[in-house]
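Examining the three-dimensional arrangement
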Amino acid sequence: MDKVFTHFGGDEETRRDELIRTIEHSIEQLSLPELEALYYDLVAKDYIRL
């Protein structure tokens with residue numbers, strides 16, 4: 001990871017990219033059952049639309 005932010009100031013696009021990289025890295029570490037649970041939770045909260 002290139003940059004680590006400790007606060008929410010600064011360039012919005014850079015912060016967005018950093019959050020996406022952090023989330024992607026975390027998701028890659030999940031087991032299949034954990035990933036399925038996350039998926040269904042996001043669907044239930046309407047963050048993912050089928």
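Residues numbered from 1 in each chain as written. Predicted model: local features only at pLDDT ≥ 70, side-chain atom pairs only at ≥ 80, totals over all residues. Heavy atoms only, no water.

Brief notes about helix α1 (residues 12-28)
- An ideal rise of 1.5 Å per residue puts 24 Å on 17 residues; α1 measures up with 24 Å between its terminal C-alpha atoms.
- Of the residues flanking the start of α1, the one acting as N-cap is Asp-11, its side-chain oxygen 3.2 Å from the backbone nitrogen of Glu-13. (Helix = DSSP H or I, 4+ residues; strand = E, 2+ residues; numbered from the N terminus. Expected span 1.5 Å × (residues − 1). Polar contact = N/O pair within 3.5 Å; in protein donor to acceptor, adjacent residues only side chain to side chain.)

Observations regarding the packing of aromatic side chains
- Applying the stated rule across the entire model yields one aromatic pair.
- On the numbers, 5.2 Å between centres and 70° between planes, the contact of Tyr-39 with Tyr-40 is edge-to-face.
- On the basis of relative accessibility, which here comes to 56%, the residue Tyr-40 falls in the exposed class. (Phe/Tyr/Trp six-rings, centres within 6.5 Å; stacked < 30°, edge-to-face > 60°. Buried < 20%, exposed > 50% of the residue type's maximum accessible area, 1.4 Å probe, protein only.)

Describing the pattern of salt bridges
- Going through the model one piece at a time under the given rule, you end up with three salt bridges.
- We note a salt bridge from Glu-18 to Arg-21, for which the minimum N-O separation is 2.9 Å. Placement of both Glu-18 and Arg-21 in helix α1 is noted, with a separation of three residues, approximately one turn of the helix.
- Where Asp-46 meets Arg-49, a salt bridge forms, and the shortest distance between an N and an O atom there is 3.6 Å. (Salt bridge = Lys/Arg side-chain N within 4 Å of Asp/Glu carboxyl O.)

Here we look at a negative patch on the surface
- A surface patch of like charges, here negative, comprises Asp-11, Glu-12, Glu-13 and Asp-17.
- Tracing the backbone shows Asp-11 in the segment before α1.
- By relative accessible area, Asp-11 is classed as partly exposed at 46%. (Patch = residues over 30% accessible without salt bridge, like charges linked within 9 Å, V, L, I, M, F, W, Y side chains within 5 Å. Areas by Shrake-Rupley, 256 points an atom, 1.4 Å probe, with all protein chains shown as cover. Lys, Arg positive; Asp, Glu negative; His and termini not counted. Charge placed at Lys NZ, Arg CZ, Asp CG, Glu CD.)

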